[in-house]
Amino acid sequence: MDTMRSLRFISAEALVSHPQVARQSLDSVAHNLYPLLFKASYLLEQAEVTRAVLGRWPLEEFRLGALLGPSADHPQDLRDRTCRACLEALVRGLADHVLQDRSRRRLRVADLTGIRDVQVQRCPCGRALGRWGRTQLLARTCCELQAEPLAAGRPVEVLADLFVTEGNFEAVVQALRPACPTPLRVHCPSFRADSLSPSQLLHVLRLAGPGALRKLEVVHNVRLHAGHVQQLLAQVGFPRLASLTLPTKAFDAPPTYASTPDGEDPLLASISRELSKMAQLTELSVAFSTLTGKIPTLLGPLQTPLRVLDLANCALNHTDMAFLADCAHAAHLEVLDLSGHNLVSLYPSTFFRLLSQASRTLRILTLEECGIVDSHVGMLILGLSPCHRLRQLKFLGNPLSARALRRLFTALCELPELRCIEFPVPKDCYPEGAAYPQDELAMSKFDQQKYDEIAEELRAVLLRADREDIQVSTPLFGSFDPDIQETSNELGAFLLQAFKTALENFSRALKQIE
């Protein structure tokens, strides 16, 4: 790596290695070298220098993702280093910058997006600051600056991916709705919400600049029903939204809602009309909502073809599958999740027609707990064989034998771009004659030695086909989710409170009956 760095970057590293000298020298450094000094200070975790560089930033734009990405001076990609020390120093430096005399302020846009949260931090301290923590840090800094006398001049426009929960809701609302002019004005291209009430969600989204929002994730413990979704889309409006994720049961009818006698669902039709107004929508995730027979109504009016579609555990029927197989979206799908449906046994012709339509574009396919058994493997191989762009195949929770998996792996070796396979624990690893387990706890109780032997055999299949480039695994408890990891304590407290409230309601109902 050393031989690939430019002399300019090596010089920048040498300077930031001496923080006191670096801070004293900043005024004499050429403006076009500041990006190098920033990346060098971030790489070496010299937080004092990072703060000073931001405080005196001489350019009109600061774009974090671009500055940490590969460059001619330093090819290493640092965008997966969400180093707590460096990011805290960055935001403090940004605050220093806007508090200084107007004549020294050049910065107009600070784009803090473009970094990735990963499981293992490669920075020296090893301490990450996740998306929720970054949101909290920025919101608190904005609130503190609101208490400072504002120097004349335009505010700095800050772009940030926000993650809002009950725990940081008040600070975020204050940051987005300052009572007086403020030196930092937050804009939000991406917004994730968890553990909020529907009214809190509506309130904070109205403040977050929904007209510019590109990605909206409403997940887990935001208890929405179809009435809330319709209200959210109709009253707030997201004209530039490209990606939408809704939580479990988001399409369930409100408690007092009754469908029309002819079986039509005006509420779903209204939601669909609002979605059709989003001319840039290409990603839709509505997993764990009951949508039996409703997919044509929901997806039919959309103006643009979807590239990403998650319909896991949506209780789809033949009408839904027939629509998916023949709709305009099929030929554009890159990511598809149909987990939780017995596709091969119940809808073989429509499912394989859908795969055929999507074969030129499909990159990631997830078929977890789809009731795929040994007798289906031949059909599955035929269905997957045209999918030459497929990079990831995930099919955990399907009761397949080691023999069937070896046959499937042999066929998968023919897919040239395949790089990742998530396969189920073979049924050989559970007691003979026992039903294949469906819950995570029971699924985790298997013969580890037998599993290791079979996994080694499957890797040998790949090795013989010269496909060491394919990674294989069985992540029984799901893939790493940095957002859940970061907010697990708050999520647990929220669930306990919800359980307590449910018990109190149940107890009250019993007393009324008595």
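Look a little higher up for the structure.
Residues numbered from 1 in each chain as written. Predicted model: local features only at pLDDT ≥ 70, side-chain atom pairs only at ≥ 80, totals over all residues. Heavy atoms only, no water.

Visitor: Go over the overall build of the protein chain with me, naming the residues and quoting the values.
Guide: Regarding its fold elements, the protein chain presents 21 helices and 15 strands. Summarising its shape, the C-alpha atoms of the protein chain cover approximately 75 × 65 × 50 Å along the three principal directions. Residue burial in the protein chain is summarised as follows: out of 514 residues, 50% are buried. In the protein chain, once contacts between residues fewer than 6 apart in sequence are set aside, the share between residues at least 24 apart is 81%. Counting only carbon and sulfur atoms, one obtains 52% of the accessible surface of the protein chain, whose full area is about 24,000 Å². (Helix = DSSP H or I, 4+ residues; strand = E, 2+ residues; numbered from the N terminus. Buried < 20%, exposed > 50% of the residue type's maximum accessible area, 1.4 Å probe, protein only. Contact = heavy atoms within 4.5 Å. Areas by Shrake-Rupley, 256 points an atom, 1.4 Å probe, with all protein chains shown as cover.)

Visitor: Give me the lowdown on helix H9 (residues 198-207), citing residues and values where you can.
Guide: Turning to H9, its buried residues are Gln200, Leu201, Leu202, Val204 and Leu205. Looking at the packing, one finds that the buried side of H9 touches helix H8 (169-176), strand E6 (190-193), strand E7 (215-218) and helix H10 (226-236). Directly beyond the C-terminal end of H9, a positive phi value near 75 degrees is found at Gly209.

Visitor: Residues and numbers for a negative patch on the surface, please.
Guide: Together, Asp447, Asp452, Glu453 and Glu456 make up a region of like negative charge exposed at the surface. Mapped onto the secondary structure, Glu456 falls in helix H19 (residues 448-464). (Patch = residues over 30% accessible without salt bridge, like charges linked within 9 Å, V, L, I, M, F, W, Y side chains within 5 Å. Salt bridge = Lys/Arg side-chain N within 4 Å of Asp/Glu carboxyl O. Lys, Arg positive; Asp, Glu negative; His and termini not counted. Charge placed at Lys NZ, Arg CZ, Asp CG, Glu CD.)

Visitor: Describe the sheet that holds E7, with residues and values.
Guide: One open sheet accounts for eleven strands, arranged E4-E6-E7-E8-E9-E10-E11-E12-E13-E14-E15; its pairing is parallel. The open sheet has two edge strands, strand E4 (162-164) and strand E15 (471-473), and neither has a second partner. Going across the sheet, the axis of each strand differs from the next one's by a mean of 5 degrees, ignoring polarity. The sheet contact formed by strand E12 (residues 364-366) and strand E13 (residues 392-394) spans three bridges and is parallel. Bridge pairing in E13 links Thr366 to Lys394. (Pairing = 2+ DSSP bridges. Axes fitted to C-alpha atoms, helices over the stretch in contact; angles between N-to-C directions.)

Visitor: Hey, could you go over the nonpolar core for me, with residue numbers and the actual values?
Guide: When a protein is soluble and globular, its nonpolar side chains tend to lie buried together. Of all hydrophobic cores here, the largest spans 153 residues; its most connected members are Phe38, Phe191 and Leu338. Setting aside residues no more than four positions away along its own chain, Phe191 makes contact with Leu162, Val164, Leu201, Val204, Leu205, Ala208, Leu213, Lys215, Leu216 and Glu217. (Core = buried A, V, L, I, M, F, W, Y, C linked by side-chain atoms within 4.5 Å.)

Visitor: Outline the pairing of E7, listing residues and values.
Guide: Pairing geometry for E6 and E7, over four bridges, is parallel. What sits directly across from Phe191, in E7, is Leu216. In the classification by handedness, the crossover that spans E6, the intervening H9 and the parallel E7 is right-handed. Alignment of E7 against strand E8 (residues 243-245), held across three bridges, turns out to be parallel. Pairing of Lys215 across the sheet is with Ser243, part of E8. Assessed by its sense of winding, the connection that carries the chain from E7 through H10 to E8 is right-handed. (Right-handed = clockwise from strand over helix to strand, strands pointing away.)

Visitor: Describe the packing of helix H3 (residues 34-43) against helix H4 (residues 47-55), with residues and values.
Guide: Contact geometry for H3 and H4: axes closest at 8 Å, N-to-C directions at 155 degrees. In terms of their interaxial angle, H3 and H4 are classed as roughly antiparallel. For the pair H3 and H4, the sense of crossing is left-handed. Contact residues: Tyr34, Leu37, Phe38, Ser41 and Tyr42 in H3; Val49, Thr50, Val53 and Leu54 in H4. Broken down by class, the residue content of the contact of H3 with H4 amounts to seven nonpolar, two polar and no charged. (Parallel < 35°, antiparallel > 145°, perpendicular 65-115°, else oblique. Left-handed = near helix turned anticlockwise from the far one by under 90°. Nonpolar A, V, L, I, M, F, W, Y, C, P; charged D, E, K, R; others polar.)

Visitor: Give a description of the pairing of strand E3 (residues 156-159) that names residues and reports values.
Guide: Here E3 shows one buried face, formed by Val156 and Val158, and one open face, formed by Glu157 and Leu159. Direction of pairing for strand E2 (residues 109-111) relative to E3: parallel, over a ladder of three bridges. Bridge assignment links Asp111 to a residue of E3, and that residue is Leu159. Taken together, the four bridges between E3 and strand E5 (residues 184-187) define a ladder with parallel strand orientation. In the strand pairing of E5, Leu159 is matched with His187.

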